[in-house]
Amino acid sequence: VDGGSILHQTPLSSPAEVMESRLTVEPVLATTAALRATDEDIDYLRHCLDKGENAADWEAYVLWVGTLHRSVEKATHNGLLLCVLETINTIRQRKEWGQLRQHALNAERHQTYCSQHRAVVEAITGRNAQRAAALMQQHMSTVMQNMIADPGADQDAATIEINPPQLHTDTL
């Protein structure tokens, strides 16, 4: 069964339900990825991380961050988990999600997310499953707080400068 078929059988989920699901599942994915990722998986995680950190605009950032999260999923090499996450990702592709993400992002949050992504990838790369899970839990909690509890950003995400030069030195 593909994610689209499951989605048609699933009632529409609220953003809070989707974020709660991600908060439950994504730390497990990070744990499993730390244990199972191949060298190619790790290289691609680093590639996605770099692309996201160096994104020139909002659309590119969203693309590469989404790809980074899907790459963590794929690095688990667990087809059932991939199917579950595909359903969640299909819901997140809806127009309302793009608007919610856009309203919840500002320059400060962007820097926080980049630092958190880098820490998760470093834990996976170092094969530290417990740390990868804890860092992903922290990241997803931060995202959930920003999107659900405090979605109002001070700036329009489409106009945010998301590639500040200090980002690289602060996050290494």
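Computed from a predicted model, the values in this text were never measured in an experiment. (Residues numbered from 1 in each chain as written. Predicted model: local features only at pLDDT ≥ 70, side-chain atom pairs only at ≥ 80, totals over all residues. Heavy atoms only, no water.)

## Looking at the nonpolar core
So, step 1. Counting residues in hydrophobic clusters, the biggest one holds 41 residues, and the most contacted among them are Tyr-61, Val-72 and Ile-124.
So, step 2. Residue assignment for this core shows that the elements contributing at least two residues are α2 (15-36), α3 (39-53), α4 (58-74), α5 (79-92), α6 (95-104), α7 (107-125) and α8 (129-149).
So, step 3. If one sorts the elements of this core by residue count, α2 sits on top with eight residues. (Core = buried A, V, L, I, M, F, W, Y, C linked by side-chain atoms within 4.5 Å. Buried < 20%, exposed > 50% of the residue type's maximum accessible area, 1.4 Å probe, protein only. Helix = DSSP H or I, 4+ residues; strand = E, 2+ residues; numbered from the N terminus.)

## Thoughts on unusual backbone geometry
So, step 1. Its identity is not glycine, yet His-77 carries a phi of approximately 55°, on the positive side.
So, step 2. In this fold, His-77 is placed in the loop between α4 and α5.
So, step 3. Residue class for His-77 comes out partly exposed when judged on its relative accessible area of 46%.

## Concerning the layout of surface pockets
So, step 1. Looking at the largest pocket, its volume works out to about 370 Å³.
So, step 2. If you trace the largest pocket, you find 20 residues lining it, with Val-62, Val-65, Gly-66, Arg-92 and Arg-101 closest to the centre.
So, step 3. The set of elements that each furnish at least two residues to the lining of the largest pocket consists of α4, α6, α7 and α8.
So, step 4. Element by element, the count of residues in the lining of the largest pocket is highest for α4, at eight residues.
So, step 5. Tallied by class, the residues present in the lining of the largest pocket amount to eleven nonpolar, five polar and four charged. (1 Å grid on protein atoms, 1.4 Å probe; cavity = no way out; pocket = protein on both sides within 12 Å on 5 of 7 lines; lining within 4 Å. Points joined across faces, edges and corners; volume = space filled by probe spheres on them. Nonpolar A, V, L, I, M, F, W, Y, C, P; charged D, E, K, R; others polar.)

## Quick notes on α7
So, step 1. Taking 1.5 Å of rise per residue, the 19 residues of α7 would be expected to cover 27 Å, and the 27 Å separating its terminal C-alpha atoms lies within 8% of that figure.
So, step 2. Taken together, the buried positions of α7 are occupied by Arg-109, His-110, Tyr-113, Cys-114, Gln-116, His-117, Arg-118, Ala-119, Val-120, Val-121, Ala-123 and Ile-124.
So, step 3. A positive backbone phi angle near 60° is found at Arg-127, which sits one or two residues after α7. (Expected span 1.5 Å × (residues − 1).)

## What to know about the packing of α3 against α4
So, step 1. At a minimum axis separation of 8 Å, α3 and α4 run at an interaxial angle of 160°. On the basis of the axis angle, α3 is roughly antiparallel to α4. The element α3 and its partner α4 pack so that their crossing is left-handed. On the side of α3, the interface is formed by Tyr-44, Leu-45, His-47, Cys-48, Leu-49, Lys-51 and Gly-52, while α4 contributes Tyr-61, Trp-64, Thr-67, Leu-68, Ser-71 and Val-72. (Axes fitted to C-alpha atoms, helices over the stretch in contact; angles between N-to-C directions. Parallel < 35°, antiparallel > 145°, perpendicular 65-115°, else oblique. Left-handed = near helix turned anticlockwise from the far one by under 90°. Contact = heavy atoms within 4.5 Å.)

## Digging into α4
So, step 1. Given a rise of 1.5 Å per residue, 17 residues ought to cover 24 Å, and the 24 Å separating the end C-alpha atoms of α4 matches this to within 8%.
So, step 2. Taken together, the buried positions of α4 are Trp-58, Tyr-61, Trp-64, Val-65, Gly-66, Thr-67, Leu-68, His-69, Ser-71, Val-72 and Glu-73.
So, step 3. At the N-terminal end of α4, a side-chain oxygen is found 3.3 Å from the backbone nitrogen of Glu-59, two or three residues along, and the residue is Asp-57. (Polar contact = N/O pair within 3.5 Å; in protein donor to acceptor, adjacent residues only side chain to side chain.)

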